[in-house]
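# Chain and residue survey
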Number of protein chains: 2
Amino acid sequence: MQCEVLFVMSDPVAIFTFADALADLARDIAREHFRSTTAFELKADASPVTVADRAIELAMRVAIQERFPGHGILGEEMGRLVGDDQLWVLDPIDGTKAFITGMPLFGTLIAYLEEEVPRLGVIEMPALGERWSASLGVTAFAGNPCRTSGCLSIDEARVYTSSPDVFAAADWQRYERLSKRAAMRRFGGDCYMYGLLASGHCDLVVEAALMPYDYMALVPVVEGAGGLMTDWDGRPLGLGSDGRVVASASAALHDRALKALAENS
Amino acid sequence: MQCEVLFVMSDPVAIFTFADALADLARDIAREHFRSTTAFELKADASPVTVADRAIELAMRVAIQERFPGHGILGEEMGRLVGDDQLWVLDPIDGTKAFITGMPLFGTLIAYLEEEVPRLGVIEMPALGERWSASLGVTAFAGNPCRTSGCLSIDEARVYTSSPDVFAAADWQRYERLSKRAAMRRFGGDCYMYGLLASGHCDLVVEAALMPYDYMALVPVVEGAGGLMTDWDGRPLGLGSDGRVVASASAALHDRALKALAENS
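Being a predicted model, the structure only gives us computed values, none of them experimental.

This paragraph deals with the interface of chain A and chain B. Facing the 34 residues of chain A at the interface are 34 residues of chain B. Between chain A and chain B the total buried area reaches about 2,900 Å² when both faces are included, carbon and sulfur atoms providing 61% of it. On inspection of chain A and its partner chain B, the count reaches 6 salt bridges. The residue Asp190 of chain A makes a salt bridge to Arg186 of chain B at a minimum N-O spacing of 3.7 Å. Put simply, chain A and chain B have 12 residue pairs in polar contact (both at pLDDT 80 or more) between them. For the side of chain A that touches chain B, the secondary structure elements donating two or more residues are α4 (96-100), β11 (158-161), β12 (184-187) and α6 (192-198) of chain A. Looking at the side of chain A that touches chain B, the element that brings in the most residues is β12 of chain A, giving 4 residues.

If you want it as structure tokens, here you go:
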């Protein structure tokens, strides 16, 4: 009995299928609430959060606890449930500013970690009807594997970040220096930027001040499409990272981006 | 015969129906090209433009010249065709950076002016399947009239702009001062921000460095939903405006935004 339970829990197909069902659950709740009201509240950190945010996280937590009672859960809204070495990291609505302004670029992020290493990631875009799912080193979009552009150099790169407001002043200067060397830069997109990168539509995404639930699901999506995603010092992203992230379409571009961010001038 | 022609040309229903058909035309061409390639070229002003951009403008120009041979046309890609007092102002793809990065927030903008006053405006969002259409003082979204939020004060306002990169340094300081007093600010959206404002999802949009084809179609959409849209000095937007625009959910908010942008501190 114990063996059977352990087998099911570590079965990647079962985990993947379950994560897909979690994303369906999130999508349906998000769609019910999206554009249904313009009311919003402020959290302690002043970021707006909606009723949908809590409803989605609660539904996902209940589903995980039913299906995998031993697993840990870390969610944006309801904190950490300590469990075994298998941990679900959830952001019910990434891009709450988008959500409350009727902008369809918010997403639900689902990551599954073993021993703190992200093994599976889902970027679900409820209002767009789009989903990136990554496990076993492959990222799928609309049912097909997707690949990054393979862009190699900063001057040919299309660079994204969400907002100047996520950067500390010194980090903003570093981002300015990097992004102004690029072919183009654009603002706004939250998790969607990383999906676009995985599908080859942009080449470099740089952000700061992210929390583990903001970035854990993105790592398998970016890397399963042939990209790289680390902190600004090139270290793998873990639960204790400092929240500064770089995602790149190729290893060469990643090296160059890290170097540009590190330069003192 | 002359009378009949004049009647048809100034018939608002005929103009509206025709503008809707133009938007259909643009939508179909845009969808053919969206995400079909990651190639792009740079124009003289360094903004990227796609094959779709030119194909859409050409198709719209041909349609206008066939249907209303006397009308003038001003388009982003192919310049101005001088005509009578009736002028079509076209932006085939507003948000080219969005378009070339696979981001569905680009739109086609269609304005119809009589004696340089915008009488009709369409914001068509091809990849999202959404359209705002305004004429005779009413803005429709998805077949129903829409209204702004009516938000009255800056500290309750959800504020949008496309990018810090559109502002001259002094104007950016003014925008910073205004937007940091707001309930929240978000970046990225191009023409879509004004549609969201017309539907009550955000409250204030401020931009600079826009061209007439970027803003002319937006004025009837914003004002037909109960909002206001002027330049930073409160003057109506015309073909000769300086490209700095403010759109607000209410007259009171508009006054306050103009005052905040004008303050020297």
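The next point concerns the packing of helix α2 (residues 12-33) of chain B against helix α3 (residues 51-67) of chain B. Residue and element names in this part refer to chain B. One can describe the packing of α2 onto α3 by two numbers: an axis separation of 9 Å at closest approach and a directional angle of 155°. Between α2 and α3, the crossing angle belongs to the class labelled roughly antiparallel. Crossing angle aside, the handedness with which α2 passes α3 is right-handed. On α3, the residues that touch Ala14, Phe18, Leu22, Leu25, Ala26, Ile29, Ala30 and His33 of α2 are Val51, Ala52, Ala55, Ile56, Ala59, Met60, Ala63, Ile64 and Arg67. Taken together, the residues that form the contact of α2 with α3 break down as 15 nonpolar, 1 polar and 1 charged.

The transform that puts chain A on chain B rotates by 180° and translates by 0.0 Å along the axis, for an RMSD of 0.0 Å. What the rotation and shift describe, once combined, is the action of a two-fold rotation axis. Of every C-alpha in chain A, the one belonging to Gly188 of chain A sits nearest the axis of rotation, 2.3 Å from it. Residue by residue, 100% of the interface of chain A is reproduced at the interface of chain B, so both copies engage with the same surface.

All names here are of chain A. The share of residues in chain A with pLDDT of 70 or more is 90%, and the mean pLDDT across the chain is 91. Within the model, the stretch residues 1-9 combines pLDDT values under 50 with 9 contacts to residues more than four positions away or in other chains. Here residues 39-48 is modelled with pLDDT under 50, and outside its nearest four sequence neighbours on either side it reaches 16 contacts, counting other chains as well. Note on the complex model: pTM 0.92, ipTM 0.91.

Two cysteines whose sulfur atoms are joined by a covalent bond form what is called a disulfide. Residues and elements named next belong to chain A. Going through the model one piece at a time under the given rule, you end up with 0 disulfides over all chains. The thiol of Cys146 is not disulfide-bonded; the next cysteine sulfur, from Cys202, is found 12 Å away. For Cys146, a relative accessible area of 8% puts it in the buried group. The thiol of Cys151 is unpaired, and the distance to the nearest cysteine sulfur, on Cys202, comes to 10 Å. Assessed through its relative accessible area of 11%, Cys151 is described here as buried.

Turning next to the pairing of strand β12 (residues 184-187) of chain B. All names here are of chain B. A two-sided burial pattern is seen for β12, the buried positions comprising Met184 and Arg186 on one face and Arg185 and Phe187 on the other. In the sheet, strand β11 (residues 158-161) pairs with β12 via 4 bridges, with the strands oriented parallel. When the bridges of β12 are listed, Tyr160 appears paired with Arg186. With helix α5 (residues 169-179) bridging β11 and its parallel neighbour β12, the resulting β-α-β unit is right-handed.

A few words on the domain arrangement of chain A. Residues and elements named next belong to chain A. Assigned domains within chain A: domain 1 (12-145) and domain 2 (154-263). Here domain 1 and domain 2 have C-alpha centroids that lie 21 Å from each other. On the side of domain 2, 21 residues touch domain 1, which itself brings 33 residues to the contact. Between domain 1 and domain 2 lies a buried interface of about 2,000 Å² when both sides are counted; carbon and sulfur atoms form 72% of it. Connecting domain 1 to domain 2 are 0 salt bridges.

Now for a negative patch on the surface. Taken together, the side chains of Asp84, Asp85, Glu115 and Glu116 of chain A define an acidic patch exposed on the protein surface. As for its position among the elements, Asp85 of chain A is in the loop between β4 (79-81) and β5 (86-94).

Rules used throughout
- Residues numbered from 1 in each chain as written.
- Chains lettered and ligands numbered in written order.
- Predicted model: local features only at pLDDT ≥ 70, side-chain atom pairs only at ≥ 80, totals over all residues.
- Heavy atoms only, no water.
- Contact = heavy atoms within 4.5 Å.
- Buried area = accessible area lost by both parts, 1.4 Å probe.
- Salt bridge = Lys/Arg side-chain N within 4 Å of Asp/Glu carboxyl O.
- Polar contact = N/O pair within 3.5 Å; in protein donor to acceptor, adjacent residues only side chain to side chain.
- Helix = DSSP H or I, 4+ residues; strand = E, 2+ residues; numbered from the N terminus.
- Axes fitted to C-alpha atoms, helices over the stretch in contact; angles between N-to-C directions.
- Parallel < 35°, antiparallel > 145°, perpendicular 65-115°, else oblique.
- Left-handed = near helix turned anticlockwise from the far one by under 90°.
- Nonpolar A, V, L, I, M, F, W, Y, C, P; charged D, E, K, R; others polar.
- Least-squares fit on C-alpha atoms with pLDDT ≥ 70 in both.
- pLDDT = per-residue confidence, 0-100.
- Disulfide = S-S within 2.5 Å.
- Buried < 20%, exposed > 50% of the residue type's maximum accessible area, 1.4 Å probe, protein only.
- Pairing = 2+ DSSP bridges.
- Right-handed = clockwise from strand over helix to strand, strands pointing away.
- Domains from an automatic or database assignment.
- Patch = residues over 30% accessible without salt bridge, like charges linked within 9 Å, V, L, I, M, F, W, Y side chains within 5 Å.
- Areas by Shrake-Rupley, 256 points an atom, 1.4 Å probe, with all protein chains shown as cover.
- Lys, Arg positive; Asp, Glu negative; His and termini not counted.
- Charge placed at Lys NZ, Arg CZ, Asp CG, Glu CD.

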